[in-house]
Amino acid sequence: MSTLKVSEGAPKDDVLVLGLVSTNDKGGLAIESGDLAIDTKSLLISLGDMGATGAADEITKLPGNSVRLIVFTGLGKKSKTYSHETLRRAAGAASRSLSGTDSATVALPTSDIASLSAVAEGAALGAYVFSEFRGSTKSDQKAAIKTITFYSKFATSAEAKTVLSRAKIIADYTFLVRDLINTPPSHLTPDSFTKKIASAVRSAGGLKAGLKISVLDEKQLKSQGFGGIIGVGQGSANPPRLLHISYTPKSTVNKRFAFIGKGITFDTGGLALKPALGMEAMKSDMSGAAAVCAATIAIAALKLPVAIETWAPLAENMPSDKATRPSDIITIFGGKTIEVLNPDAEGRLVLADAIVKAQAGKNKLDGIIDVATLTGAQVVALGTRTSAVMTNNDDFSAEFLVATARSGEQFWPMPLPVELRASLDSPVADMANIGDRNGGMLVAGLFLKEFVNPDLPWLHLDIAGPAFNVAKAHGYTPVGGTGIALRSLVALVEGV
Ligand code: BES
Ligand code: MN
Ligand code: ZN
């Protein structure tokens, strides 16, 4: 994680980051350097010669006079103000392009403290490199930029300090999510996932920070009746776990939320084996679990006055002679029986166990949120950059969508049409684990809804597409694990 600083003295770094915008349809350009006054005339001529357009995600590098290198990052069309997400992405694209550099000064339009916050967050999020498994080639890979200084008139204000330390926490825990997703299943099993989270909890201060962690192993899961987690995990030599983190604020408790995250460390499809082409992306099937665990620790690090109970059901979905067969019937925690027609619809089974368990606690919850890479249908419906939110409570969903607008993560509301529910009926059990193929994302949501107390506000976030970027890097988003959902969970809690 880069060191973040703020300054209003003349830039001392070798590298300066500035914004570039288009001023008209005829190739007109302007430089946006925020609070830093610069002479733009000759730079604009060179930028024109280079064919720069100022479009989002465009990076243009020019040699400078007082600095060695100037990095121009596109902000799109010239405007009086730029949206926080535009600033976040532009700052992220710049820091992403600066791997291998020691330090840079960023001067982007930050007329208010919220804009500085967005720039700091974006720049920090873009400075990510995953090199843990580069053995002999590790030294060839450029490290993320080490120090980023934001040029701002707010340099000496207390708010600037707060904003920078928040950006650092957001980036630190987003990187934890990305690292967990990018770690291959050879090195990330249900058990090792719990150990990595336990170590992050310890580093965050553990009990002193209000964080408690506990883990149920396969024996305890079996004897206590977690048939979903056991049924999904039983085909693997790496046994399942149920991880629980609780965060109790030292201050007042304004609200209490439960977070549940799907933690399939690898999804082969089980006996409904997935095709080999693209199966490698299923190392990301624990993105929901990583997001809720890291968000919980981030919320503790930010000392937010909301209690969180987080549950991560962890299993590896493998085919074997021990694996759950199509037609097997399992019993979810609490007693509902499920006919497993398709062992590749495994996420809903582990989530059902955890959702029921989360509601069995002694403390009354104000809301419950599950996060999951649940369906391919989500990707078909909304693409790879927009996640879905489903709910039993439109007010809670509206509150969440306000938080996502602030976080910059793209979420879109999806319905849970009652008429699709009957497609989950089973002739032999309380429910089947698959229903109508059409509207598969909604059917999965309706399955989960059966396990939620109707009076408890509930959100189901399907992040199947956005969790793992198999296309090109863009803005502050790298290839591989993205860390999606963490910032919106934090923003929701910040808004309480
Ligand atoms: N983990 C997958 C969903 C997924 C697909 C996540 C693509 C990310 C990218 C999930 O367990 C799954 O296999 N779902 C099935 C459900 C079906 C059998 C009802 C699917 O979507 O095909
Ligand atoms: Mn699956
Ligand atoms: Zn899955």
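Residues numbered from 1 in each chain as written. Chains lettered and ligands numbered in written order. Predicted model: local features only at pLDDT ≥ 70, side-chain atom pairs only at ≥ 80, totals over all residues. Heavy atoms only, no water.

Q: I would appreciate a short explanation of the pairing of strand S19 (residues 458-462) in the present structure.
A: In summary, the side chains of a regular strand alternate between the two faces of the sheet. Taken across its 5 residues, S19 has 5 buried, putting it largely inside the fold. Burial along S19 is two-sided: the residues Trp 458, His 460 and Asp 462 and Leu 459 and Leu 461 are all buried. Bridge count for strand S15 (residues 367-372) against S19 is 5 bridges, and the pairing is parallel. Its bridge partner being in S19, Asp 370 is matched across the sheet by His 460. Looking at chain direction, strand S16 (residues 387-391) and S19 are connected through 4 bridges and run antiparallel. Paired with Met 390 across the strands is His 460, a residue of S19. (Buried < 20%, exposed > 50% of the residue type's maximum accessible area, 1.4 Å probe, protein only. Helix = DSSP H or I, 4+ residues; strand = E, 2+ residues; numbered from the N terminus. Pairing = 2+ DSSP bridges.)

Q: Help me out: how do you make sense of the coordination of the zinc ion (ligand 3) in this one?
A: Between any two of four tetrahedral donors, the ideal angle at the metal is 109.5 degrees; between two of six octahedral donors, it is 90 or 180 degrees. Surrounding the zinc ion (ligand 3) are the protein donor atoms Lys 262 (NZ), Asp 267 (OD), Asp 285 (OD) and Glu 346 (OE), at 2.0 to 2.4 Å. Taken together, the 6 donor atoms surrounding the zinc ion (ligand 3) define angles of 79 to 174° at the centre, an arrangement classified as octahedral. Expressed as a motif, the donor residue spacing for the zinc ion (ligand 3) is K-x4-D-x17-D-x60-E. The distance between the zinc ion (ligand 3) and the manganese ion (ligand 2) comes to 3.1 Å, and Asp 267 binds to both of them. Note that Asp 285 is positioned in the loop between strand S11 (263-267) and helix H8 (287-301) and Glu 346 in the loop between strand S14 (337-340) and helix H9 (347-358), a separation of 61 residues in sequence. You'll find Asp 285 and Glu 346 in the same group, each marked buried. (Donors = N, O, S within 2.8 Å, 3.2 Å for Na, K, Ca; no water. Tetrahedral: all angles 85-135°; square planar, octahedral: opposite > 155°, others 65-115°.)

Q: Explain the domain arrangement of the protein to me, please; I cannot follow it from the model alone.
A: A common way to state how big an interface is: give the accessible area lost once the parts meet. According to the domain assignment, the protein consists of domain 1 (3-147) and domain 2 (170-494). The centre of domain 1, based on its C-alpha atoms, is set 35 Å off from the matching centre of domain 2. The partner domain 2 presents 21 residues to the 16 residues of domain 1 that form the contact. Together domain 1 and domain 2 conceal approximately 1,600 Å² of surface at their shared face, both sides included; 61% is due to carbon and sulfur atoms. The largest share of the area that domain 1 buries against domain 2 comes from Leu 125, Tyr 128 and Phe 133, three residues that together contribute 40% of it. Between the two partners, domain 1 and domain 2, sit 1 salt bridge. Arg 487 is the salt-bridge partner of Glu 121, the closest N and O atoms lying 3.3 Å from each other. Put simply, domain 1 and domain 2 have 11 residue pairs in polar contact (both at pLDDT 80 or more) between them. Of all the elements in the fold, those that place two or more residues in the side of domain 1 that touches domain 2 are helix H2 (84-96) and helix H3 (113-126). Looking at the side of domain 1 that touches domain 2 element by element, the count peaks at 6 residues for H2. Taken together, the residues of the side of domain 1 that touches domain 2 sort by class into 7 nonpolar, 3 polar and 6 charged. (Domains from an automatic or database assignment. Contact = heavy atoms within 4.5 Å. Buried area = accessible area lost by both parts, 1.4 Å probe. Salt bridge = Lys/Arg side-chain N within 4 Å of Asp/Glu carboxyl O. Polar contact = N/O pair within 3.5 Å; in protein donor to acceptor, adjacent residues only side chain to side chain. Nonpolar A, V, L, I, M, F, W, Y, C, P; charged D, E, K, R; others polar.)

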